[in-house]
Amino acid sequence: MSEPSGTQTSQPAARAAVANPLVAAVLAWLVPGAGHLFLKRGRRALLFFVLVIAALVIGCRLDGNLYTPVEGQPLTLLATVGCMGMGLPYFALRYLFDYHGEVMAAGYEYGTAFVLTAGLMNLLLVLDAWDIALGKKE
Amino acid sequence: MSHFLLMVVYALLVSLFFTALWRRERAEQVKLFLQLFLGMVVGGLAVAWLMYPFPSGPPSPIP
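Within every chain, residues take consecutive numbers counted from 1 along the sequence as written. Note on labels: chains are lettered from A, ligands numbered from 1, in written order. Totals for whole chains, interfaces and linings use all residues, but because this is a predicted model, local features are given only for residues with pLDDT of at least 70 and pairs of side-chain atoms are given and counted only at 80 or more.

Draft legend 1. Spotlight on the overall build of chain B. The numbering of helices and of strands both runs from the N terminus, where a helix is a DSSP run of H or I of at least 4 residues and a strand a run of E of at least 2. Within chain B one finds two helices and zero strands. The C-alpha radius of gyration computed for chain B amounts to 16 Å, which surpasses the reference 11 Å derived for 63 residues by more than 25%, pointing to a less compact arrangement than a globule. With C-beta atoms placed from the backbone, a residue is buried if 20 or more other C-beta atoms are within 10 Å of its own, exposed if 12 or fewer are, and partly exposed between those counts. When each of the 63 residues of chain B is scored for burial, the buried share is 10%. Only C-alpha atoms enter the radius of gyration; for comparison, a globular chain is expected to reach 2.2 Å times N to the power 0.38, where N is the number of residues.

Draft legend 2. Geometry of the overall build of chain A. The number of helices and strands found in chain A is six helices and zero strands. Along chain A, from the amino end to the carboxyl end, the secondary structure elements read α-α-α-α-α-α. Residue burial in chain A is summarised as follows: out of 138 residues, 40% are buried. Once C-beta atoms have been placed from the backbone, residue pairs whose C-beta atoms lie within 7 Å are recorded as contacts. Nonlocal contacts in chain A, meaning residues at least 24 apart in sequence, comprise 71% of its contacts between residues at least 6 apart.

Draft legend 3. Structural view of the interface of chain A and chain B. Contacts between the two partners involve 16 residues from chain A and, on the opposite side, 11 residues from chain B. Mapped by element, the contributors of at least two residues to the side of chain A that touches chain B are helix H3 (42-61) and helix H6 (108-134) of chain A. Here the residues of the side of chain A that touches chain B are counted per class, giving 12 nonpolar, one polar and three charged. In the scheme used here, Gly and all other residues not listed as nonpolar or charged are polar, with Ala, Val, Leu, Ile, Met, Phe, Trp, Tyr, Cys and Pro taken as nonpolar and Asp, Glu, Lys and Arg as charged.

Draft legend 4. How the structure looks around the confidence of the model for chain B. Residue-level confidence of the predictor is summarised by pLDDT, bounded by 0 at the bottom and 100 at the top. For chain B, per-residue confidence averages 91 on the pLDDT scale, and residues scoring 70 or more make up 95% of the total. Predicted as a complex, the structure gets a pTM of 0.84 and an ipTM equal to 0.84.

Draft legend 5. Seen up close, helix H1 (residues 21-30) of chain A. Those residues of H1(A) lying buried are A:Ala24, A:Ala25, A:Leu27, A:Ala28 and A:Trp29. In this structure, the buried side of H1(A) is in contact with helix H2 (34-38) and H6 of chain A.

Draft legend 6. A look at H3(A). Residue and element names in this part refer to chain A. To estimate how far a helix should reach, multiply one less than its number of residues by 1.5 Å. With 20 residues, H3 should cover 28 Å at 1.5 Å per step; its first-to-last C-alpha distance of 28 Å lies within 8% of that length. Every buried residue of H3 is listed here: Ala45, Phe48, Leu51, Val52, Ala55, Leu56, Ile58 and Gly59. Asp63 occupies a position one or two residues after H3 and carries a positive phi of about 65°.

Draft legend 7. The environment of A:Ala24, seen in detail. All names here are of chain A. With respect to the helices, strands and loops of the structure, Ala24 is situated in helix H1. Under the C-beta neighbour-count criterion, Ala24 is labelled buried, with 26 such atoms within 10 Å. In contact with Ala24, not counting residues within four places along its chain, are Ala19, Gly35, Phe38, Leu39, Ala129, Trp130 and Ala133.

Draft legend 8. A look at the packing of helix H1 (residues 3-22) of chain B against helix H2 (residues 26-51) of chain B. All names here are of chain B. Lines fitted to the C-alpha atoms define the axes, with helices restricted to the stretch that makes contact. Angles between their N-to-C directions range from 0 to 180 degrees. Look at H1 against H2: their axes get within 9 Å of each other, and the N-to-C directions meet at 150°. In this view, H1 runs roughly antiparallel relative to H2, as classed from their interaxial angle. At the point where H1 passes H2, the crossing takes the right-handed sense. Residues Met7, Val8, Ala11, Leu12, Val14, Ser15, Leu16, Phe18, Thr19 and Trp22 of H1 touch H2, and the partners they reach there are Gln29, Leu32, Phe33, Leu36, Phe37, Met40, Val41 and Gly44. Grouping the amino acids of the contact of H1 with H2 by side-chain chemistry returns 14 nonpolar, four polar and no charged. Comment on the angle field: the value is read as roughly parallel under 35 degrees, roughly antiparallel over 145, roughly perpendicular from 65 to 115, and oblique elsewhere. Left-handed describes a crossing whose near helix is turned anticlockwise from the far helix by less than a right angle; the clockwise case is right-handed.

Draft legend 9. Quick look at unusual backbone geometry. Residues and elements named next belong to chain A. Positioned with a positive phi, Lys40 is a non-glycine residue whose angle comes to about 65°. For Lys40, the location among the structural elements is in the loop between H2 and H3. Phi is positive for Asp98, close to 50°, though the residue is something other than glycine. Summarising the element assignment, Asp98 is placed in the loop between helix H5 (88-96) and H6. Residue class for Asp98 comes out exposed when judged on the 7 C-beta atoms lying within 10 Å of it.

Below, the structure written as structure tokens:
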């Protein structure tokens, strides 16, 4: 019995991987935009770097919280993972600059939103770099 | 910085980010940017306006 016509053509054509997705994802996580730079998307890499670092700098200037897990508060674990999404800047702030944020500062809540957003944006960049490397996105 | 300015800066950063992430064509980028940016700013103002009649109360103690 023959296959119904169009069965083969309705499937999207599988694209070949552009680059090693693991390398692209790790680079994207370590430095914002580095994954896209590795994948030869220089302009977008620069834009993403500027946006993520701008969010981080504004957040730190407002004394926002750079989360660490707090015992008995499981949501801080999620927030920590979100902040760690920014890669090397998180560890540089934490261990080189001994940055923690200042809970009494006027801009603490806003700053925390900016810092957390920087980490979450970079996590999305990791996924984007992964997809581009696999050929699923342009 | 004022609360409003911070909200606008936040909306600007996030809108630019998702525009660059999700769209490639210039016309589509402009459209999505305006949707996101105005949605956040106007939406924020609308929520603030709705909350205006409610009293804020004393600040909660810091644990």
